[in-house]
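Residues per chain are reported as follows:
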Amino acid sequence: MTQKELSYVEDAIGHEKNIIKIINITTSNLQDEDLISFMNEELNTHNNMLEKLMHKLEEKTNEWSTTYG
C-alpha cells in the first residue's frame, strides 16, 4: 500500500468515526421509532465499514512489521 493509499484509508476511518458520532447524537434526540430503527441500521452499516477499514489498516501494519520490524 502506498503512502497515499494509506492516507486515504486513515481519512476514511476518521470519516466513519465522525458519522458514527453524528448518528449516535441524532438517534439520542429522536422519538419516532421508525427513524430510530433506520438510524440504527445506518449505525450498523457504518460500524461494519469502520471495522473493515481498521482490519485493512491492521493487515498492512502487520505486513510492514514482518517486512521491516
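The rules behind the values
Residues numbered from 1 in each chain as written. Predicted model: local features only at pLDDT ≥ 70, side-chain atom pairs only at ≥ 80, totals over all residues. Heavy atoms only, no water. Helix = DSSP H or I, 4+ residues; strand = E, 2+ residues; numbered from the N terminus. Rg over C-alpha atoms; globule rule 2.2 N^0.38 Å. Buried < 20%, exposed > 50% of the residue type's maximum accessible area, 1.4 Å probe, protein only. Contact = heavy atoms within 4.5 Å. Areas by Shrake-Rupley, 256 points an atom, 1.4 Å probe, with all protein chains shown as cover. Lys, Arg positive; Asp, Glu negative; His and termini not counted. Charge placed at Lys NZ, Arg CZ, Asp CG, Glu CD. Salt bridge = Lys/Arg side-chain N within 4 Å of Asp/Glu carboxyl O. Core = buried A, V, L, I, M, F, W, Y, C linked by side-chain atoms within 4.5 Å.

Q: What should I look at first to understand the overall build of the protein in this one?
A: What the protein contains, in helices and strands, is two helices and zero strands. A compact globule built from 69 residues would reach a C-alpha radius of gyration of about 11 Å, whereas the protein, at 16 Å, exceeds it by more than 25%. Residue burial in the protein is summarised as follows: out of 69 residues, 20% are buried. Within the protein, counting contacts between residues at least 6 apart in sequence, those at least 24 apart form 59% of the total. Surface summary for the protein: the accessible area is close to 5400 Å², and the carbon and sulfur share equals 53%. Taking the average location of the 6 positive side-chain charges in the protein and that of its 13 negative ones, the two points are 10 Å from each other.

Q: Can you help me understand the side chain of Glu-16 in this one?
A: By the secondary structure assignment, Glu-16 is in helix α1 (residues 3–28). For the buried residue Glu-16, which engages in no salt bridge, the nearest side chain bearing the opposite charge is Lys-52, 10 Å off. Apart from residues no more than four positions distant in its own chain, Glu-16 is found in contact with His-46, Met-49, Leu-50 and Leu-53.

Q: Explanation requested: the pattern of salt bridges in the structure shown.
A: Where charged atoms of side chains with opposite charge meet at close range, the side chains can pair. Taken as a whole, this structure holds one salt bridge when the rule is applied. Among the ionic pairs, Lys-56 bridges to Glu-59, the shortest N-O distance being 3.6 Å. Here Lys-56 and its partner Glu-59 are both found in helix α2 (residues 33–68), three residues apart, which amounts to about one turn of the helix. With a relative accessible area of 37%, Lys-56 lands in the partly exposed category.

Q: When you look at the nonpolar core in this model, what are you seeing that I'm missing?
A: A general tendency of soluble globular proteins is for nonpolar side chains to be buried together. Counting 10 residues, the largest nonpolar core is built from Val-9, Ile-13, Ile-19, Ile-20, Ile-23, Met-39, Leu-43, Leu-50, Leu-53 and Leu-57. Listed by contribution, the elements that provide at least two residues to this core are α1 and α2. Contacts of Leu-57, omitting those with residues within four sequence positions, involve Leu-6, Val-9 and Ile-13.

Q: Before we go on, may I ask you to explain the environment of Lys-17 in this structure?
A: Along the polypeptide, Lys-17 turns up in helix α1. Measuring from C-alpha to C-alpha, the distance between Lys-17 and His-46 comes to 8.2 Å, with 29 residues separating the pair along the chain.

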